[in-house]
Amino acid sequence: MGAGPNGISAAIRLMQAGVQTTLLERNATLGGSVRTEERTLPGFRHDVGAAVFPLGVASPFFRSLPLEEHGLEWVHPNAPLAHPLANESAVILHRSIAETAANLGEDGDAWRRLFEPLVTNWEQLLPEVLQPVVHRPRHPLLLMRFGAIALLPATVAGRMLFRGHRARALFAGLAAHSALPLNAPMTSAVALLLGAAAHAGGWPIVRGGAQALSDALMGVFTEHGGQTLTNTPIHRLDELREYDAAVLDLLPSQLLRMHDAWPQSYQRRLSSFQHGCAVFKVDWALREPIPWADAGSRLAATVHVGGTSEEVAAYESDLLGKAPFVLLSQPSLFDTSRAPAGMHSAWA
């Protein structure tokens, strides 16, 4: 129940195990937050939620599926990420660690020392960090090395690891994907994971829009014989008939209303769940590319508009600040299907 990428993936896994599965979705379109729509003007295709997929292209489960046979094409920009700074060149996170280090000045060697071991051991590290936090690690020494920095607040790690403002700004922007104050524990984990992902596999977009990823997942599910029902809202479990197990990819509040017989302790956990901070998203139809002051910001589909590490941290700690941290995607620079000829689209 719930046909976002997690729900579809769970349904595929069940079908692979020989369990006949029906996927239920309340909306007319499958994909959850991984969808693409014409939201501004005709011909401008905007990703509804997720737009850039460093952990999509890295996902061990996605890589085990023949998604390319069902139309998925990853598009890699010239660089995974740009982080503009006032009155100087943008900081560029390149696929190459050496190229990235070269534009970090005095912190180039520190960046290399931090990320080379993670990238070298990426295939062993990734399954460890994508599991629940409490598990029996297969590579304990590697996980300990990651955890030594990952457990720290990003503000602490940035000051400890780097001397210059360029590397600190880049690290803070990566950590800001946590949507937490950067002085919170474990915000460095997000920076490490996304930085290593950029060097190991890139931050690609999907040709044609994120919907193509959901469509490819559905293609695999259908190929295995799975059935799908859209426009099918289910409000309570007793509305379902003749099933052996239900997998509910839902919000805690929805799950609480689904069933009266949850154990009391579980009901308390569901009712006390606190959502993270919301975001405000804007889609633009553009007549030309964004005219960045520094041309380096045109190398990437993803741009962090947030300034110095101090400015990023100040906003993430006080969301009423006047200069927000803006996560921006400009996919039409690298995928012309996102807008009419000569036009462009952006998402922030």
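Before any of the text, the structure's been laid out above.
Quick summary incoming for the structure in this document. (Residues numbered from 1 in each chain as written. Predicted model: local features only at pLDDT ≥ 70, side-chain atom pairs only at ≥ 80, totals over all residues. Heavy atoms only, no water.)

1. Describing the pattern of salt bridges
The test is simple: A pair is scored as a salt bridge if a Lys or Arg side-chain nitrogen falls within 4 Å of a carboxyl oxygen belonging to Asp or Glu. Only DSSP runs of H or I with at least four residues qualify as helices, and only runs of E with at least two residues qualify as strands; both kinds are numbered from the N terminus onward. Buried means the residue's accessible area, taken with a 1.4 Å probe over protein chains only, is under 20% of the maximum for its type, while exposed means over 50%, and partly exposed covers the values in between.
For the structure shown, the criterion picks out 14 salt bridges. For Arg338, the salt bridge goes to Asp47, with nearest N and O atoms at 3.3 Å. Of this pair, Arg338 sits in the loop between strand 11 (326-329) and strand 12 (344-347) while Asp47 sits in strand 3 (residues 46-47); the two residues are 291 residues apart in sequence, bridging distant segments of the chain. Taking the relative accessible area as the measure of exposure, Asp47 reaches 4% and is therefore buried. Note that Lys281 is salt-bridged to Asp283, the shortest N-O span being 2.8 Å. The class of Asp283 is buried, set by a relative accessible area of 18%. Counted as one network, the salt bridges with shared partners bring together Arg35, Glu37, Arg39, Lys281 and Asp283.

2. Some details on empty space enclosed by the protein
Any space left empty among the atoms is revealed by the rolling of a water-sized probe across them. Test applied: A pocket, in this scheme, is an open set of points on a 1 Å grid over the protein atoms alone with protein on both sides within 12 Å along at least 5 of 7 lines, while a cavity is a set where a 1.4 Å probe fits but cannot get out; residues line either one if an atom lies within 4 Å of a point. Grid points are joined across faces, edges and corners, and a volume is the space filled by probe spheres set on the points. All residues other than Ala, Val, Leu, Ile, Met, Phe, Trp, Tyr, Cys, Pro, Asp, Glu, Lys and Arg, Gly among them, are scored as polar; the first ten of these are nonpolar and the last four charged.
Following the criterion strictly, the structure yields two cavities of 30 Å³ or more and no others. Considering only enclosed or pocket space, the largest cavity measures out at about 50 Å³ in volume. The wall of the largest cavity is formed by Arg45, His46, Asp47, Ala51, Asp283, Ser329, Pro331, Arg338, Ser345, Ala346 and Trp347. Looking at the lining of the largest cavity, the elements that each hand over two or more residues are strand 3 and strand 12. Residue contributions to the lining of the largest cavity peak at three residues, all from strand 12. Of the residues contributing to the lining of the largest cavity, the split by class is four nonpolar, three polar and four charged.

3. Considerations on the packing of helix 8 (residues 154-161) against helix 9 (residues 165-175)
Put simply, the rule reads: In this description, a line fitted to the C-alpha atoms serves as the axis of each element, helices being fitted only across the stretch in contact, and the angle between N-to-C directions of two axes falls anywhere from 0 to 180 degrees. An angle below 35 degrees is read as roughly parallel, one above 145 as roughly antiparallel, one from 65 to 115 as roughly perpendicular, and any other as oblique. Crossing handedness is read from the near helix: turned anticlockwise from the far helix by less than a right angle, it gives a left-handed crossing, and turned clockwise, a right-handed one. Pairs of residues are marked as contacts when any of their non-hydrogen atoms sit within 4.5 Å.
The interhelical angle for the contact between helix 8 and helix 9, taken along N-to-C directions, is 155 degrees, at an axis separation of 10 Å. Looking at the two axes, helix 8 sits roughly antiparallel to helix 9. Of the two possible hands of crossing, helix 8 and helix 9 adopt the one that is right-handed. Residues Ala154, Ala157, Gly158, Arg159 and Leu161 of helix 8 form the contact with helix 9, whose participating residues are Arg168, Phe171 and Ala175. Split into classes, the residues belonging to the contact of helix 8 with helix 9 amount to five nonpolar, one polar and two charged.

4. With respect to the nonpolar core
Heads up, the condition is: Put simply, buried Ala, Val, Leu, Ile, Met, Phe, Trp, Tyr and Cys residues joined by side-chain atoms within 4.5 Å make one nonpolar core.
If you look at the biggest cluster of nonpolar residues, it comprises 44 residues, and the most contacted ones within it are Trp111, Phe115, Trp122, Phe171, Leu174 and Leu192. Ranked by the residues each element gives to this core, the list is headed by helix 10 (residues 187-200), at eight residues.

5. Examining the environment of Asn6
Within the secondary structure layout, Asn6 lies in helix 1 (residues 5-16). Given the relative accessible area of 58%, Asn6 is considered exposed. Counting along the chain gives 101 residues from Asn6 to Asp107, while the straight-line C-alpha distance between them is 38 Å.

6. So, the pairing of strand 5 (residues 79-85)
We apply this condition: One requirement defines pairing of two strands: DSSP has to find at least two bridges between them.
Here strand 5 lies mainly inside the structure; seven of its seven residues are buried. Where strand 5 meets strand 10 (residues 300-305), three bridges bridge the pair, whose relative direction is parallel. Bridged to Ala79 within strand 10 is Ala300. In the sheet, strand 5 pairs with strand 6 (residues 88-93) via four bridges, with the strands oriented antiparallel. Opposite Leu85, over in strand 6, you have Glu88 as the bridge partner. Linking strand 5 to strand 6, which pair antiparallel, is a turn of two residues; within it Asn87 sits at a positive phi near 65 degrees.

7. With respect to the packing of aromatic side chains
Formally: A pair of Phe, Tyr and Trp rings is counted when the ring centres sit within 6.5 Å of each other, with Trp represented by its six-membered ring. The angle between the planes then sorts it: under 30 degrees is stacked, over 60 is edge-to-face, the rest tilted.
Throughout the structure, instances matching the rule amount to five aromatic pairs. Seen in terms of ring centroids, Phe53 and Trp74 are 6.0 Å apart; in terms of plane orientation they differ by 55 degrees. Their pairing is tilted. Residue Phe53 is located in the loop between strand 3 and helix 2 (54-58), and its partner Trp74 is located in strand 4 (residues 74-75); the two are separated by 21 residues in the primary sequence. Residue Trp74 is classed as buried on the basis of its relative accessible area, which comes to 18%. Between Trp262 and Tyr266 the ring centres are 5.6 Å apart and the planes differ by 80 degrees, which places this aromatic pair in the edge-to-face class. Taken together, the ring pairs in this structure connect Trp111, Phe115, Phe162 and Phe171 into an aromatic cluster.

8. Topic: the side chain of Glu25
Applied cut-off: Asp and Glu count as negative and Lys and Arg as positive, but His and the ends of the chain are not part of the count.
Here Glu25 shows up in the loop between strand 1 (22-24) and strand 2 (36-37). Buried charged residue Glu25 carries no salt bridge. Nearest counter-charge: Arg26, at 6.0 Å. Those residues within four positions of Glu25 in sequence are excluded, and the remaining contacts are Gly2, Ala3, Leu30, Leu229, Thr230, Asn231 and Thr232.

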